[in-house]
Amino acid sequence: MSVEEQHRSEQGFEEAFREWGRRPARMPAHIASQRIASKLDQRRRKPRWRWLAAAAAIVFAVAGAWLLWQQALPDSRPPSMEITQPALDENVVLWWLDSNTPVYFVITTSS
Amino acid sequence: MTRCVHEQTLRSTLSGVSDELVGLVASAQEGSPEAFRLLVDGCWERLVRLSRSIVGEAEAEDLVQEGLIAAWRAMKSLRNPEGFDAWVARIVFRRCLRRARGFRRFLPMDSIPERSSLGNAEEQLGIWQLLSRLAPRQRAVLHLTIVEGMTDSEIAGSLGIKAASVRAHRRRAKDRLAQLLDGRGL
């Protein structure tokens with residue numbers, strides 16, 4: 001292809017490209033803008049509901065986990081809080097086998 | 001004298017347009033969907049034209065819609081309201097780039113015409129088939145130069161690149177087009 005032909009070809013392309021590129025959009029601007037504006041409303045509302053739902057789910061999950069954890073926890077309270085400890089004599093030793101089972105050892109002298 | 005009056009009218013008209021744009025951008029930044037709708041009205045056609053030259057007819061309008069919704073969410077980050085047009089064009093351009101990179105890998109072989117069939121290339125291939133042989137940035141630069149008639153600095157602002165890059169992209173695009181039109185580049 002000669003330089004002149006090349007130049008003509010490029011000019012032809014530019015003209016065709018200009019014509020092709022300037023075609024109007026398939027969707028008119030006023031319809032597109034309305035459609036986009038309606039999506040903006042949805043998008044503003046959706047996250048708000050989503051955030052509320054997510055926050056509520058987190059609160060329930062944390063509360064549930066805390067309750068389960070409390071139930072599963074071994075009783076760490078001191079036995080004295082479960083059963084009133086009687087006043088012991090000096091020769092009595094008290095052992096707690098568990099929170100409900102006291103064992104008293106009474107030390108006596110053989111004489 | 002007449003020219004002076006004409007220039008004054010033009011300046012006041014442009015300044016009015018600019019004031020209106022600034023007002024709409026400010027309202028949109030405060031959360032007014034109606035103001036944003038009017039902004040979309042003003043830029044829709046231009047953005048679709050740009051998008052169409054980068055990704056083709058089928059996806060252009062969807063991408064512009066996505067880009068405009070992204071722009072709405074990012075409105076507060078726009079510092080210079082007068083630069084709204086270039087700012088929103090950059091958002092759409094970046095989306096188009098991502099999409100164009102995505103489907104470049106899957107370009108079907110039968111969409112590439114055989115070299116022997118080339119006669120008057122621009123007629124036989126069609127504009128889009130020629131454009132699709134260029135890099136997406138080259139398509140965008142060529143579009144803004146030829147279709148929109150923008151200057152290098154305006155193109156640089158709209159695409160978020162340097163003016164020197166604009167010139168480089170345009171030169172490469174024209175070289176590649178010359179090859180394609182000559183039937184050597186396929």
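## So, the overall build of chain B
- Of the regular secondary structure elements, chain B holds nine helices and zero strands.
- For chain B, the sequential pattern of α-helices and β-strands runs α-α-α-α-α-α-α-α-α.
- For chain B, the proportion of its 186 residues judged to be buried stands at 36%.
- Put simply, of all contacts in chain B between residues at least 6 apart along the chain, 67% involve residues at least 24 apart.

## Details of the overall build of chain A
- Regarding its fold elements, chain A presents two helices and two strands.
- In sequence order, the secondary structure elements of chain A are arranged as α-α-β-β.
- Among the 111 residues that make up chain A, the fraction classed as buried is 7%.

## Some thoughts on the nonpolar core
- Residues L39, V40, L47, V88 and V92 of chain B are the most contacted members of the largest nonpolar core, which totals 51 residues.
- Setting aside residues no more than four positions away along its own chain, L47 of chain B makes contact with V64, V88, A89 and V92 of chain B.

## As for the interface of chain A and chain B
- In this assembly, 28 residues from chain A lie in contact with 25 residues from chain B.
- Elements that contribute at least two residues to the side of chain A that touches chain B include exactly α1 (3–21) and α2 (29–72) of chain A.
- Split by residue class, the side of chain A that touches chain B holds 13 nonpolar, seven polar and eight charged.

## Side note on helix α3 (residues 57–73) of chain B
- Counted at 1.5 Å a residue, the expected span for α3 of chain B with its 17 residues is 24 Å, and the 26 Å between its end C-alpha atoms agrees.
- Inspection of α3 of chain B places A60, L63, V64, Q65, G67, L68, A71 and W72 of chain B among the buried residues, and these make up the whole buried set.

## A word on the pairing of strand β1 (residues 92–98) of chain A
Residue and element names in this part refer to chain A.
- Counting buried positions along β1 gives zero out of seven residues, so the element sits mostly on the surface.
- In terms of strand pairing, β1 meets strand β2 (residues 101–106) through six bridges, oriented antiparallel. Bridged to W96 within β2 is P102.
- Taking the residues that link successive antiparallel strands as the turn, the β1-β2 hairpin has two residues.

## As for helix α7 (residues 136–147) of chain B
Residues and elements named next belong to chain B.
- For α7, spanning twelve residues, the distance from its first C-alpha to its last is 16 Å, which sits close to the expected 16 Å at 1.5 Å a residue.
- Where burial is concerned, most of α7 is hidden: eleven out of the twelve residues are buried.
- Every buried residue of α7 is listed here: P136, R137, Q138, R139, A140, V141, L142, H143, L144, T145 and V147.
- Positive backbone phi, at 65°, marks G149, one or two positions downstream of α7.

## Thoughts on the packing of helix α8 (residues 152–159) of chain B against helix α9 (residues 163–182) of chain B
Residues and elements named next belong to chain B.
- With their axes 8 Å apart at the nearest point, α8 and α9 run at an angle of 100° to one another. In this view, α8 runs roughly perpendicular relative to α9, as classed from their interaxial angle. Of α9, the residues touching α8 (which contributes D152, S153, I155 and A156) are A163, V166 and R167.
- Taken together, the residues that form the contact of α8 with α9 break down as four nonpolar, one polar and two charged.

## Examining the confidence of the model for chain B
All names here are of chain B.
- Residues at a pLDDT of 70 or more form 77% of chain B, whose mean pLDDT is 82.
- Low pLDDT, under 50, characterises residues 9–14; the stretch is placed with zero contacts to residues that sit more than four places away or in other chains.
- Under the prediction, the complex receives an ipTM of 0.76, its pTM being 0.66.

Procedures and definitions
- What you see as residue numbers is a count from 1 along each chain, following the sequence as written.
- For naming, the first written chain is A and the first written ligand is 1, with later ones following in the order written.
- Local features in this predicted model are restricted to residues of pLDDT 70 or higher, and side-chain atom pairs are both shown and tallied only at a pLDDT of 80 or more, whereas totals for entire chains, interfaces and linings draw on every residue.
- Numbering goes from the N terminus for both helices and strands, where a helix is a DSSP run of H or I of at least four residues and a strand is a run of E of at least two.
- Counting other C-beta atoms within 10 Å of a residue's C-beta gives its exposure: the residue is buried at 20 or more, exposed at 12 or fewer, and partly exposed in between, where C-beta atoms are placed from the backbone.
- Note on contacts: each residue gets a C-beta atom placed from the backbone, and two residues are in contact if those atoms are within 7 Å.
- Here, a nonpolar core denotes buried Ala, Val, Leu, Ile, Met, Phe, Trp, Tyr and Cys residues that are linked to one another through C-beta atoms within 7 Å.
- Charged residues are taken to be Asp, Glu, Lys and Arg, nonpolar residues to be Ala, Val, Leu, Ile, Met, Phe, Trp, Tyr, Cys and Pro, and polar residues to be all remaining types, Gly included.
- Given the number of residues in a helix, its expected span is that number minus one, multiplied by 1.5 Å.
- Two strands pair under a simple rule: DSSP has to find at least two bridges between them.
- Helix axes use the C-alpha atoms of the stretch in contact, all axes being lines fitted to C-alpha atoms, and the angles between their N-to-C directions lie in the range 0 to 180 degrees.
- Angles below 35 degrees are treated as roughly parallel, those above 145 as roughly antiparallel, those between 65 and 115 as roughly perpendicular, and all remaining angles as oblique.
- What pLDDT reports is the predictor's confidence in each residue, on a scale of 0 through 100.

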